[in-house]
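Here is what each chain is made of, one letter per residue.
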Amino acid sequence: MIPNESIIAYLNQNLNKKIADGNPNPITTWLDGTLLKASAGSITAEFDVRSDQCNHAQVMHGGIITTILDEIMGMTLITLKIEHLYVTINLHVDFLFGAKAGEKVIAVSEVYRVGKKIANVEAKLYNKEGKLLAKGSSNLAATSIPVNF
């Protein structure tokens, strides 16, 4: 895997800022995460658990957790030299513990392999104390859409 030095430099200039700044994806804006760390094949971001992201038990909904993990995994691919954008073709998430509104959670991603057609990525979601809340793995497929950044 070859680092995308210009993207990594851009991300590192924007640490502790909203991920949505300069990101055209509407779901990224809605999730409202903050970029904490970026390196080749890995991104760390923090998210506030909002009441509109919680289920009837007042814990973060599994669909929101899945969305955060999916988003961070896909985003991590741009830290590597890729020719085309990738889309999720499968996603597996294990839910271990919950998070309540008002808490902060931290997502950490890691790319394990980027092939000509398929990329393998994992992400984990932690609370501020470092407790693992959820973990996910995904395979993403290269599209015909060229990378333009």
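This one's a predicted model, so the numbers in the text were calculated from it and none came from an experiment.

A. Summary view of the environment of Lys18. Here Lys18 shows up in the loop between α1 (5–13) and α2 (26–31). Residues Lys18 and Asp32 lie 14 residues apart in sequence; the distance between their C-alpha atoms is 6.5 Å. Residues within four places of Lys18 in sequence aside, it is in contact with Asp32, Gly33 and Thr34. At a separation of 3.3 Å, a polar atom in the side chain of Lys18 contacts the main-chain carbonyl oxygen of Asp32.

B. Structural context of the sheet that holds strand β6 (residues 132–146). The strand order across the open sheet built from six strands is β1-β2-β4-β5-β6-β3, with neighbouring strands paired in antiparallel fashion. Lying at the two open borders of the sheet, with one neighbouring strand each, are β1 (34–39) and β3 (84–95). The average undirected angle you get between the axes of adjacent strands in this sheet is 20 degrees. α1 rests against β1 and β2 (42–48) of the sheet, and its axis sits at about 145 degrees to β1.

C. Summary view of the nonpolar core. Core analysis: the biggest nonpolar cluster contains 36 residues, and Phe47, Met60, Ile68, Leu69, Leu77, Val105 and Leu125 have the highest contact counts within it. Of all the secondary structure elements, the ones that give two or more residues to this core are α1, β1, β2, α3 (62–76), β3, β4 (104–114), β5 (118–127) and β6. Take this core: its biggest share by element is seven residues, from α3. In this structure, Met60 is in contact with Val49, Gln53, Cys54, Asn55, Ile65, Ile68, Ala99 and Val105, ignoring residues within four places of it in sequence.

D. Spotlight on α1. Every buried residue belonging to α1 is among Ile7, Ile8 and Leu11, and all of these are buried. Burial along α1 is one-sided: seen end-on, the buried residues are contained in an arc of 100 degrees. Exposed and oriented more than 90 degrees from the buried face of α1 are Glu5, Ser6 and Gln13. Those residues of α1 that are buried are in contact with β1 and β2.

So, how was this worked out
Residues numbered from 1 in each chain as written. Predicted model: local features only at pLDDT ≥ 70, side-chain atom pairs only at ≥ 80, totals over all residues. Heavy atoms only, no water. Helix = DSSP H or I, 4+ residues; strand = E, 2+ residues; numbered from the N terminus. Contact = heavy atoms within 4.5 Å. Polar contact = N/O pair within 3.5 Å; in protein donor to acceptor, adjacent residues only side chain to side chain. Pairing = 2+ DSSP bridges. Axes fitted to C-alpha atoms, helices over the stretch in contact; angles between N-to-C directions. Core = buried A, V, L, I, M, F, W, Y, C linked by side-chain atoms within 4.5 Å. Buried < 20%, exposed > 50% of the residue type's maximum accessible area, 1.4 Å probe, protein only. Arc of directions from axis to C-beta.

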